Amino acid sequence: MGMQSDFYQLLKEQGHVFGVPSQTARGQELTTATTILAFKYRDGVLVAGDRRATAGNMVMYDRTDKVLEIDRHSVMAIAGVPATAYEMARILEHSFKYFRRTQLQELSFEGKLRALSKLLKDNVPAALAGTGAVVPIFAGYDLEQEVAKIYFYDILGAEFEGVDYAVSGSGSPTIRGILHYVNTWGEQPLSAMPEEQATVQALRLLTSAAEFDSATGGVNREAGLYPVIKFITASGVRTMPDAQLKPLFETKVSRHV
Amino acid sequence: MYEEPYKWVEAVGNRRTYLDEQFKEGAPVVGVTCERGILLMTMSKGTPKLYEIYDRLALGGMGHPADLEKLRFNLLEMAHVEGFNRSASDVTGGRLVKYGMAPTIKQAFEEVFKAPFIVKILLAEIGQKAGKDGFLTINYDGTFEEKSQYAVLAATSAVEQKMAGYLREQSRASLADAVGTAIRTWAVGDRAQRRVLDEGEGHDEARTSQVTDAETLYAYLRRCIAEKTVECALLDRHVQGPSKYRALGVDELKTLLPNELSPSLS
């Protein structure tokens, strides 16, 4: 008799299949989602993502939410094929809940990272076939060590800790350099920034990514579309409402572009 | 030996006697709705008896811990697979009990060559809106009942009726009211059960009246609190996010328990 704590295993026993490559999809333009970033600020971790999903040079959707709250203390931001990424998020969300409820304790932060690694590893055939590559960022508050952490992955499931920040998606090369510059030679390192300043930074970074990457959607003021920005602190995950992003964008971002 | 219908009926009858015996010393469980959500309360020694099942579902149980654990896992498995394959709002207490739990328990009860589940289960479900809250209770033979305002589990149905009779008269508007009402109702049930134990089979305790003024109940409860742990869990309408279950810790309980009891809580 096992520990009966693994929801993913349970799904497999019930016949659920994940990560199977589909050869027939070759030549089709697949929907992908683009720039995501996470960095440590004064109170925890900020995770942000633009809202655009593209298929080739087509804009599929401009209201995608790529920063997904998995539980009260963790967030997965997704770049790559949304169909696979949403399925992963759904499995993770249920896995963490199932673990907590069966074992009567939270799954450790390490355990959560491992769960995502396992999903990515099972997804390798689909990723290599070009039908389901996902390159996520996982960020959360480690309740045991009382510190917020950022991890990023490659499509094969290797996990890397982002000490100060992590980026992923097609717009990420643009902002990776900026993050390095700001963090190293800026007036203060990212980790010292208060919430509002960190938010302004995230808005500027995503606007820069949109400037150089057609697959990244910037801010669309006419439609009232702003990036998704979430904060992870000891007290949990919180989303910055659009009503607060709007004035920050207008006063601190738009006048610079 | 059970091929003859009469013998089978007799064997099932024997099971009832056997099972009734098993619950005599069990701790009652009380579930009440209040403005804040649904409160579940019991007292336990060692193993907990209140559990989170799904976003809006909580479980309270009486009986053998291993059987309760087995059924709890069944419920968790059904709820999470269903919630994953469909949606959280498709995971309802009614479906889990009517199509999952009750048939399993009934089958085990009637298969006289195998061991039955020694459990009674109370499933509480908080609705999307106030007024849609509900309870389901399942007996060891698989019979289930649906209730809306409150539900109780106790050793016998006579004790359950007695508890329900007391509970009906009490206020349960605020969370503190609900905690006070639940713990006094628990005392009514536990005291009745204990009286049956002390005075033997012949004494039909539940039929005779017993003093149920608050002071007597609090005195009884202070003795219980000294040797057991008060367990309270809340399906909290005010909690952010999809999961509404939270256990009430000692500090919070101290502020919610009636003044007559809070100092005895450690």
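Structure report, in brief. (Residues numbered from 1 in each chain as written. Chains lettered and ligands numbered in written order. Predicted model: local features only at pLDDT ≥ 70, side-chain atom pairs only at ≥ 80, totals over all residues. Heavy atoms only, no water.)

**Some points on the interface of chain B and chain A**
Spelled out, the test is: Whether two residues are in contact is decided by their heavy atoms: any pair within 4.5 Å suffices. In this description, buried area is defined as the sum, over both parts, of the accessible area (probe of 1.4 Å) that is lost when the two are combined. The rule for a salt bridge is simple: a side-chain nitrogen of Lys or Arg has to be within 4 Å of a carboxyl oxygen of Asp or Glu. Numbering of helices and strands starts at the N terminus; helices are DSSP runs of H or I of at least 4 residues and strands are runs of E of at least 2.
Counting from both sides, the interface comprises 18 residues of chain B and, opposite them, 19 residues of chain A. Among the residues of chain B in contact with chain A, Phe 73, His 80 and Phe 84 of chain B are the three that bury the most area, contributing 42% of the side total. Applying the counting rule to chain B against chain A returns four salt bridges. The partner of Asp 55 of chain B in a salt bridge is Arg 101 of chain A, with the nearest N and O atoms 2.9 Å apart. Elements with a contribution of two residues or more to the side of chain B that touches chain A: β3 (50-54) and α2 (65-85) of chain B. Among the elements that make up the side of chain B that touches chain A, the one with the highest residue count is α2 of chain B (eight residues).

**Side note on helix α6 (residues 195-212) of chain A**
All names here are of chain A. Selection criterion: A helix's residues, less one, multiplied by 1.5 Å, set its expected span. Type-normalised accessible area, obtained with a 1.4 Å probe on protein chains alone, sets the label of each residue: buried when under 20%, exposed when over 50%, and partly exposed for intermediate values.
When the terminal C-alpha atoms of α6 are compared, their 26 Å separation across 18 residues agrees well with the 26 Å that a helix rising 1.5 Å per residue should span. Listed as buried for α6 are Ala 198, Thr 199, Val 200, Gln 201, Ala 202, Leu 203, Leu 205, Leu 206, Thr 207 and Ala 209. Contacts made by the buried residues of α6 are with β2 (36-41), β3 (44-49), α5 (172-185), β12 (228-233) and α7 (242-253).

**Some remarks on the sheet that holds strand β5 (residues 119-125) of chain B**
The pairing of strands in a sheet comes from backbone hydrogen bonds and takes either a parallel or an antiparallel form. All names here are of chain B. Using the following cut-off: At least two DSSP bridges between two strands are needed for those strands to be called paired. Axes, fitted as lines to C-alpha atoms, cover a helix only where it is in contact. Angles between the N-to-C directions of the axes lie from 0 to 180 degrees.
Taken in spatial order, the five strands line up as β3-β4-β5-β6-β7 in an open sheet, and their pairing is antiparallel. Either end of the sheet is taken by a strand with one partner, and the two such strands are β3 and β7 (144-147). Adjacent strand axes in the sheet meet at a mean angle of 20°, parallel and antiparallel pairs treated alike.

**Remarks on the nonpolar core**
Stated precisely, the cut-off is as follows: In plain words, nonpolar cores are sets of buried Ala, Val, Leu, Ile, Met, Phe, Trp, Tyr and Cys residues tied together by side-chain atoms within 4.5 Å.
Core analysis: the biggest nonpolar cluster contains 54 residues, and Met 76 of chain A together with Ile 53 of chain B have the highest contact counts within it. If you look at the next biggest cluster of nonpolar residues, it comprises 39 residues, including Val 32, Val 152, Ala 154 and Leu 175 of chain B.

**A look at the sheet that holds strand β11 (residues 165-168) of chain A**
Residues and elements named next belong to chain A. The strand order across the open sheet built from five strands is β11-β2-β3-β12-β13, with neighbouring strands paired in antiparallel fashion. Sheet topology places β11 and β13 (236-239) at the edges, where each strand pairs with a single neighbour. Recorded for the sheet is a direction-independent mean angle of 15° between the axes of neighbouring strands. Where β3 and β12 come together, five bridges link them in antiparallel fashion. Pairing of Gly 49 across the sheet is with Val 228, part of β12. Strands in contact with α5 are β2 and β11; relative to β11, the strand with the most contacts, it is inclined by about 165°. Here α6 sits on the sheet in contact with β2, β3, β12 and β13, set at roughly 155° to β2.

**Focus: α5 of chain A**
Residues separated by three or four positions in an α-helix point in the same direction, a consequence of the helix having 3.6 residues per turn. Residue and element names in this part refer to chain A. Inclusion rule: This arc describes the spread of directions from the helix axis toward the C-beta atoms.
Taking 1.5 Å per residue, 14 residues should reach 20 Å; α5 reaches 20 Å between its end C-alpha atoms and fits that length. The set of residues buried in α5 consists of Ser 172, Ile 175, Leu 179, Val 182 and Asn 183. Viewed along the axis of α5, the buried residues span an arc of 90°, placing them on a single side of the element. Residues of α5 that are exposed and point over 90 degrees away from its buried face: Pro 173, Tyr 181 and Trp 185. Its buried side turned inward, α5 meets β2, β11 and α6.

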